[in-house]
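Chain by chain, the residues:
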Amino acid sequence: MLKGLLKLIAGVVVLAVLAVGALYVYYFMILPRDIAPPELAVEITPERVARGEYLATAVFGCMYCHSERDWSLFGAPPVPGTLGKGGERFDKRVGVSGVLISANITPAGIGDWSDGEVYRAIVNGLHKDGYSLFPIMPFDVYLHLETEDVYSIIAYLRTLEPIEAEYSGRRMTRLMQFIANSRVLPADPWQVDQDDPLSRGEYMVIIAGCRFCHTPANERMQPYEDMRFGGGLGMRIPAGDTVYSANISPDPDTGIGNWTEAEFIARFKAYAGARIPVTETGFQTQHAWSEYAQLTEADLAAIYAYLMAQPPVSNAVSPAG
Ligand code: HEC
Ligand code: HEC
């Protein structure tokens, strides 16, 4: 009787170990999904390079993450001469448990990657060597980029000044590896209606990360969906302080409901070419004011129209919390 019970328990334990083992193998060895780089030869035209520069700089933030940033200036604009060189570290200082370093995406860094491999890195999050990148590089939203926009960005990257720089010290914890592997998904490009400001606004607000940064989240970074655009998400800056995002929902008292379209546009344009020492503003931010100042008025108006069409969220926040 007792023997039978012990055998049963042993059997259950063996099964449990096997199940955990199988899950482990599945998540750490079988995933990430094996997505082949597409056969691709992106023609470099002046139109694509210009559009790619605009998207990579003013809209999607590629260049502020993939350059050295000057954290002594408000909004930490890129250090001149480092465009695309990478080297920004994401580690304990900004709340990342491992170490990630933004890559050199100038021709000296990814010049030997095929267009298909660069495409796959941007939209699927796979390195040329097949391992998954960590989604601080926001490929989990870039999978929705319009295909022509990705081609424009690739054309632009090919024209960057080559800068020799290599980085070592990348380190991922098991949990980070799990998260990275599970985010590798097939491309799912959106169809944007260029004549509809709401459609263009939604595309930019979601893929540029406005929604992510301006929605509060729990400690596992899951956003509170009923608080969309309500602000108050805390984020660390390398010096160690925490800055909290603003409420950009149309709530008139705690959000931007009282801002006119002209005021919204002016607020962004005020930072064009600005290099304001943090000692003057009294706080540092993660909102890339100098890059977003380069958004066209039409695109800012589309972003404004989309934000104003969202439900108001009452949530009083200031950059200090
Ligand atoms: C929030 C910061 C951030 C933004 C925005 C960002 N990246 Fe990245 N990117 C990174 C980091 C960090 C890595 C390295 C990730 C890793 O090692 O897992 C990376 C990796 C890459 C790689 C892989 C290169 C290599 O050698 O590993 C490419 C290509 C790339 N990014 C291109 C882009 C493009 C194009 C955009 C804009 C559409 C962009 N990135 C936006 C942070 C960012
Ligand atoms: C990396 C995170 C991040 C991203 C991405 C981001 N923001 Fe912000 N934003 C912040 C933080 C933090 C603040 C508060 C500190 C400050 O004013 O700079 C802020 C401030 C603002 C403000 C000022 C509001 C006020 O009441 O003064 C507006 C407007 C704004 N963001 C809109 C946007 C839009 C639109 C986008 C997308 C194009 C965007 N943000 C992308 C982090 C972000």
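Reading the values: rules and limits
- Residues numbered from 1 in each chain as written.
- Chains lettered and ligands numbered in written order.
- Predicted model: local features only at pLDDT ≥ 70, side-chain atom pairs only at ≥ 80, totals over all residues.
- Heavy atoms only, no water.
- Domains from an automatic or database assignment.
- Contact = heavy atoms within 4.5 Å.
- Buried area = accessible area lost by both parts, 1.4 Å probe.
- Polar contact = N/O pair within 3.5 Å; in protein donor to acceptor, adjacent residues only side chain to side chain.
- Helix = DSSP H or I, 4+ residues; strand = E, 2+ residues; numbered from the N terminus.
- Nonpolar A, V, L, I, M, F, W, Y, C, P; charged D, E, K, R; others polar.
- Patch = residues over 30% accessible without salt bridge, like charges linked within 9 Å, V, L, I, M, F, W, Y side chains within 5 Å.
- Areas by Shrake-Rupley, 256 points an atom, 1.4 Å probe, with all protein chains shown as cover.
- Salt bridge = Lys/Arg side-chain N within 4 Å of Asp/Glu carboxyl O.
- 1 Å grid on protein atoms, 1.4 Å probe; cavity = no way out; pocket = protein on both sides within 12 Å on 5 of 7 lines; lining within 4 Å.
- Points joined across faces, edges and corners; volume = space filled by probe spheres on them.
- Near = heavy atom within 4 Å.
- Donors = N, O, S within 2.8 Å, 3.2 Å for Na, K, Ca; no water.
- Tetrahedral: all angles 85-135°; square planar, octahedral: opposite > 155°, others 65-115°.
- Buried < 20%, exposed > 50% of the residue type's maximum accessible area, 1.4 Å probe, protein only.

1. Some thoughts on the domain arrangement of the chain
Stage number 1. As far as domains go, the chain holds domain 1 (46–182) and domain 2 (197–308).
Stage number 2. The interface of domain 1 with domain 2 comprises 27 residues on the first partner and 28 residues on the second.
Stage number 3. Both sides of the domain 1 and domain 2 interface together cover about 2500 Å² of buried area, and 60% of this is carbon and sulfur.
Stage number 4. It is Y54, W71 and F74 that lose the most area in domain 1 upon contact with domain 2, and together they represent 30% of the buried surface on that side.
Stage number 5. Connecting domain 1 to domain 2 are 11 residue pairs in polar contact (both at pLDDT 80 or more).
Stage number 6. Sorting the residues of the side of domain 1 that touches domain 2 by element identifies helix 2 (46–59) and helix 6 (139–142) as the ones contributing at least two each.
Stage number 7. Sorting elements by how many residues they give to the side of domain 1 that touches domain 2 places helix 2 first, with 4 residues.
Stage number 8. Among the residues forming the side of domain 1 that touches domain 2, the class breakdown is 16 nonpolar, 5 polar and 6 charged.

2. Digging into a nonpolar patch on the surface
Stage number 1. A surface patch of nonpolar side chains, about 790 Å² in accessible area, is lined by L2, L5, L6, L8, I9, V12, V13 and V17.
Stage number 2. Following the sequence through the fold, I9 ends up in helix 1 (residues 2–30).

3. Considering empty space enclosed by the protein
Stage number 1. This model, assessed by the stated rule, comprises 1 cavity of 30 Å³ or more.
Stage number 2. Reported here for the largest cavity is a volume of approximately 40 Å³.
Stage number 3. Around the largest cavity sit F74, Y271, A274, R275, I276, W289 and S290, which together line it.
Stage number 4. A breakdown of the residues in the lining of the largest cavity according to their chemical character gives 5 nonpolar, 1 polar and 1 charged.

4. Remarks on the site of ligand 2
Stage number 1. Close contacts around ligand 2 come from 21 residues, with C210, C213, H214, R267 and H287 the closest.
Stage number 2. At a separation of 2.8 Å, a nitrogen atom of ligand 2 approaches a polar side-chain atom of H214.
Stage number 3. Contacts to ligand 2 include R267, whose side-chain N or O atom sits 2.6 Å from an oxygen atom.
Stage number 4. When residues of the shell around ligand 2 are traced back to their parent elements, those giving at least two are helix 10 (210–213), strand 4 (242–244), helix 11 (261–269) and helix 13 (289–292).
Stage number 5. Residues of the shell around ligand 2, tallied by class, amount to 14 nonpolar, 6 polar and 1 charged.

5. Notes on the coordination of the iron atom of ligand 2
Stage number 1. Coordination of the iron atom of ligand 2 by the protein involves H214 (NE2) and H287 (ND1), with metal-donor separations of 2.0 to 2.1 Å.
Stage number 2. With 6 donor atoms in place around the iron atom of ligand 2 and angles of 88 to 179° between them, the coordination shape is octahedral. Of this pair, H214 sits in the loop between helix 10 and strand 3 (234–236) while H287 sits in the loop between helix 12 (278–281) and helix 13, and the two are 73 residues apart along the sequence. The same class applies to H214 and to H287, which are both buried.

6. A short note on the coordination of the iron atom of ligand 1
Each pair of donors in an ideal four-coordinate tetrahedral metal site encloses 109.5 degrees, whereas pairs in an ideal six-coordinate octahedral site enclose 90 or 180 degrees.
Stage number 1. Donor atoms from the polypeptide that bind the iron atom of ligand 1 are H66 (NE2) and M137 (SD), placed at 2.0 to 2.2 Å.
Stage number 2. Given a relative accessible area of 23%, M137 falls into the partly exposed group.

7. Regarding the environment of E161
Stage number 1. Inspection of the secondary structure puts E161 in the loop between helix 7 (147–158) and helix 8 (174–182).
Stage number 2. Along the primary structure E161 and A121 are separated by 40 residues, whereas in three dimensions their C-alpha atoms are 20 Å apart.
Stage number 3. For E161, the contacting residues outside a window of four places in its chain are T106 and P107.

8. What to know about the pattern of salt bridges
Stage number 1. By the definition in use, this model includes 10 salt bridges.
Stage number 2. Note that R48 is salt-bridged to E148, the shortest N-O span being 2.9 Å. Taken as a pair, R48 in helix 2 and E148 in helix 7 lie far apart in primary sequence, 100 residues in all.
Stage number 3. Accessibility expressed as a relative area gives 17% for R48, which makes it buried.
Stage number 4. In this structure, the salt-bridge partner of R183 is D140, at a minimum N-O distance of 3.0 Å.

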